[in-house]
Amino acid sequence: MATFLYKLGRLAFRRRHFVALIWVALLTLAGVGAASAPPAGATSFSIPGTEAQKAFDLLEQRFPGQSADGATARVVFKAPSGETMTDADNKAAVEKTVDELADGSEVASVADPYTGNAVSKDGTIAYASVRYDVSGMELEESTKDALEDAAQQARDAGLTVEIGGDALQAVPHTGATEIIGIAVAAVVLVITFGSLVAAGLPLLTALIGVGIGVSSITALAGVLELGSTTSILAMMIGLAVGIDYALFIVSRYRAELAEGREREEAAGRAVGTAGSAVVFAGLTVVIALVGLAVVNIPMLTKMGVAAAGTVAIAVLIALTMVPALLGYAGRRVKPTGTKGKRLRKGAEQGEQSEQAGQKPKANLGTRWASFVVRRPLAVLLLSVIGLGAAAIPAASLELGLPDDGSQPTSTTQRRAYDLLSEGFGPGFNGPLMVVVDAKGSDAPKEAFTDVSNEIKGLNGVVAVTPPAPNKSGDTATITVIPDSKPSSVQTEDLVHAIRDAGGDIQADTGAETLVTGSTAMNIDVSEKLNDALVPYLVLVVGLAFLLLIVVFRSILVPLKAALGFLLSVMAALGAVVAVFQWGWLSGLMGVEETGPVMSMMPIFMVGVVFGLAMDYEVFLVTRMREAFVHGEQPNQAVVTGFKHGARVVTAAAVIMMAVFAGFIGSSESMVKMIGFGLAIAVFFDAFVVRMAIVPAVLALLGKKAWWLPKWLDRALPNVDVEGEGLRTADPDEDRALVRT
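Quick summary incoming for the structure in this document. As a convention, each chain's residues are numbered from 1 in the sequence order in which they are written. In view of the model being predicted, local features appear only for residues whose pLDDT reaches at least 70, and side-chain atom pairs are presented and counted only at 80 or more, with totals across whole chains, interfaces and linings using the full set of residues. As a rule here, side-chain values come from all non-hydrogen atoms in the structure, and water together with hydrogens is ignored.

## So, the sheet that holds strand β4 (residues 160-165)
At least two bridges found by DSSP between two strands are what make those strands a pair. Runs of E in the DSSP output that reach at least two residues are strands. Runs of H or I that reach at least four are helices, and both are numbered from the N terminus. Here four strands make up an open sheet; going across it, the order is β2-β3-β1-β4 and the pairing antiparallel. Every other strand in the sheet has two partners, leaving β2 (107-111) and β4 as the edge strands with one partner each. The average angle at which neighbouring strand axes cross in this sheet is 20°, direction not considered. In this sheet, strand β3 (residues 125-132) lies alongside strand β1 (residues 72-78) in antiparallel orientation, the contact comprising seven bridges. Its bridge partner lying in β3, valine 76 is registered against tyrosine 127. This element, helix α4 (residues 88-102), spans β1, β2 and β3 of the sheet and lies at about 165° to β2. Any pair of residues with heavy atoms lying within 4.5 Å of one another is described as a contacting pair. In this analysis, axes come from line fits to C-alpha atoms, helices being fitted only over the stretch in contact, and the angle between any two N-to-C directions falls in the range 0 to 180 degrees. Along the sheet face, helix α14 (residues 412-424) touches β1, β3 and β4 and points at about 105° away from the line of β4.

Laid out in structure tokens, this is it:
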């Protein structure tokens, strides 16, 4: 592989006009496609194989024309202090609002609070339910404006009015912190390279790659039903890995220049060596992201595949456009050690000291690695204990999906949620819909009554509405109001209790009882994600383990990499629980409401962090193996790997942390949590696992670290990540091969 990539790098360097033209054309094409694509419609949130989804599908079949997936809104009214909603003036203001809402072109129905028993017992709070023909993302702006205008008129009449539901659902934004993250990345690159041109190359290529990826996602959003969160996550991951991959190749290019090679030859060797690591690191990320399909949640699968596509683009750009831009930069990208006057002076002093028989001063990476190999056991124990302590909060992890109760208190959705809890109880915000399928029952009406009576006798139930059958009388819906909030363990227990009772009723009457609604759907999603976590870990870690055996030609090094990843991801989950569930530093992170951790967080973090962790493993350890293969002793190979790779890996980690942390400013709680989780996970993995545990374990293992059974060595393909073939290659012959 190294030889092929070497030729590709030289070809891209020489034919830079052609390569640049191709990527600019692709960016333009993707941009035009995104600009001309129709607005994305509703994203279908289907969860195959769950009872809630089965019930939802049954509702669409048995209750046609009711817009089961249409947007909903709850307009919540509160009377002024000392008054009630039944006072004449307040009642008139509410009825006027209801009449105005009913005139909307996309409105399917509006329920009057006074005829629908939607006034609280103390008479101070009431609500009107509005159902629309289309989903929240498909609502016209004029419809949303009419909803807000109607609410404002009621406010003008002296009432407190808030709007809940998904009718006012907004596209999430990331905020200014995203730009700050990119700015931090730019500063780190300038410090690392000491040159604006060299620092600008990784940023430019990463932005082009993300531009192509996100524009393609936008162009296909309507066809593939991709949500706005998909493009944000693809941008987050694509930007981080795009900068890192380009950073490693540019850094290796400068090192090759420092050894006296011509620029075209240096570009070829940089792509042949660092580029090989980029390919395998990118493959691990792609495997981890595409592997999310094993969960069998279409939305999560689409998010993973879209992000994987952006990572693949980042790899291709690093292998082709980076050497092409290096050709354009020419002498403005200087060899390692010639960044500025002070550095040149230091290099000259180092050469004079070396000529005088004095050893030049070792860099920080060399000094740190030397310290670790002298005291490997102490470093290993301290690192493992530290990560273990950080992981302790993960033992109390509670999972759930965000609802209006997790919104900032500044939003009208959250204030409506709080008013409904105040007037009708916390469970009113998460009603359960029970669907009774009596098609196989001899007495459907009796079956409906039996189900209703059975549910009334369960603990944790506040109210049960009478069964509402369909026209054919074979299916009915029953609304159940719990006495606990939607995200609580008590509500989850109630859902399971209803389902258990339904099993007994089906045995007696032949009627099937199903529980659905947003609360039940969230519970089913959480359970499905929990059940899929272990198979997903086995699949992703297993495939990546086999891939790393090929890369490192070792059994123990990939095993150590996988175990180190588990440590870092558990520590990161502990940090997420401490901030988003316990509330530690929540104000600093902009978390206004603590609660259960998003159900998708553990499995998504496992997928993404594993891929990113393997990035640093590949980039750092390939340098060590390269030194070991070329004859150095194991401990010295560890020091050599850090001498050449520690500075760049550190810069890459800081950049990735900055990019991920930039998404903490998102208005979407899921994006905020993922941004924080990935940033802290990169910190743990890069600076504790890869910089401390990895050299300590390799020092303890010695030559055993690179042991591989002879039969397996013969069976594995030789991918030559270390670029051994380039040391014996004839440059003239390679040049001739490239031209052909």
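## Remarks on unusual backbone geometry
Its identity is not glycine, yet asparagine 296 carries a phi of approximately 65°, on the positive side. Within the element layout of this structure, asparagine 296 appears in the loop between α9 (263-290) and α10 (298-329). Only protein chains enter the accessibility calculation, which uses a 1.4 Å probe; a residue whose area is less than 20% of its type maximum is buried, one above 50% is exposed, and one in between is partly exposed. Given a relative accessible area of 39%, asparagine 296 falls into the partly exposed group. In this model, arginine 553 sits at a positive phi of 50°, which is unusual for a non-glycine residue.

## Quick word on the packing of helix α3 (residues 51-62) against helix α17 (residues 518-552)
Taken N-terminus to C-terminus, the directions of α3 and α17 make an angle of 140°; their axes are 8 Å apart at the nearest point. Comparing their axes, α17 and α3 come out oblique. On the side of α3, the interface is formed by Glu51, Ala52 and Gln53, while α17 contributes Ala520, Met521 and Asp524. Throughout this entry, Asp, Glu, Lys and Arg are counted as charged residues, while Ala, Val, Leu, Ile, Met, Phe, Trp, Tyr, Cys and Pro are counted as nonpolar. The remaining residues, Gly among them, count as polar. Looking at side-chain class alone, the contact of α3 with α17 contains three nonpolar, one polar and two charged residues. To sort the angles, those under 35 degrees are grouped as roughly parallel, those over 145 as roughly antiparallel, those from 65 to 115 as roughly perpendicular, and the leftovers as oblique.

## Focus: the pairing of strand β6 (residues 432-437)
Burial analysis of β6 places five of its six residues in the buried class, the great majority of the element. Relative to strand β9 (residues 475-482), β6 runs antiparallel, the two being bridged by six bridges. Note on β9: the bridge partner recorded for valine 434 is isoleucine 478. Pairing of β6 with strand β10 (residues 512-516), which is carried by five bridges, proceeds in the antiparallel orientation. Bridging across to β10, valine 434 finds its partner in valine 515.

## A word on the environment of serine 396
Considering the arrangement of structural elements, one finds serine 396 in the loop between α13 (376-391) and β5 (399-400). In the structure, serine 396 is positioned 185 residues away from glutamine 581 in sequence and 9.2 Å away in space, judged by C-alpha atoms. In contact with serine 396, not counting residues within four places along its chain, are Val577, Gln581 and Trp582.

## Observations concerning the pattern of salt bridges
Salt-bridge detection follows one rule: a side-chain nitrogen of Lys or Arg within 4 Å of a carboxyl oxygen of Asp or Glu. Summed over the entire model, instances satisfying the criterion amount to 18 salt bridges. Glutamate 264 is the salt-bridge partner of arginine 10, the closest N and O atoms lying 3.3 Å from each other. You can see arginine 10 sitting in helix α1 (residues 2-14) and its partner glutamate 264 sitting in helix α9, a full 254 residues away along the chain. In this structure, arginine 10 and glutamate 264 share a single accessibility class: buried. Residues joined by salt bridges that share partners form a network here, namely Arg10, Arg14, Glu264, Glu265 and Arg269.

## Thoughts on α14
The span expected for a helix works out to 1.5 Å for each residue beyond the first. Compared with an ideal rise of 1.5 Å per residue, which puts 13 residues at 18 Å, α14 spans 18 Å between its outermost C-alpha atoms and is within 8% of the ideal. When we look at burial in α14, the residues that qualify are Thr412, Gln413, Arg414, Ala416, Tyr417, Leu419, Leu420, Gly423 and Phe424. Contacts made by the buried residues of α14 are with β1, β3, α5 (141-156) and β4. At the C-terminal side of α14, glycine 425 shows a positive phi close to 100°.

## Quick look at a nonpolar patch on the surface
Patches here are clusters of residues that have more than 30% relative accessible area and form no salt bridge, with a 9 Å joining cutoff for like charges and a 5 Å cutoff for nonpolar side chains (Val, Leu, Ile, Met, Phe, Trp, Tyr). Every accessible area reported is derived by Shrake-Rupley at a probe size of 1.4 Å, with residue values counting cover from the shown protein chains alone. A cluster of nonpolar side chains, namely Phe18, Ile22, Leu26 and Leu29, defines an oily patch on the protein surface of about 400 Å² accessible area. Residue class for leucine 26 comes out partly exposed when judged on its relative accessible area of 36%.

## Focus: the side chain of glutamine 581
Checked against the element boundaries, glutamine 581 lands in helix α18 (residues 556-581). Residue classification places glutamine 581 among the buried residues on the basis of a relative accessible area of 12%. In terms of polar contacts, glutamine 581 uses its side chain to reach the backbone amide nitrogen of glutamate 398, at 3.0 Å. In contact with glutamine 581, not counting residues within four places along its chain, are Ser396, Leu397, Glu398, Val576, Thr594, Gly595 and Val597. Pairing of N or O atoms within 3.5 Å defines a polar contact, subject to two protein rules: one partner must be a possible hydrogen donor and the other a possible acceptor, and residues neighboring in sequence count only if both atoms are side-chain atoms.

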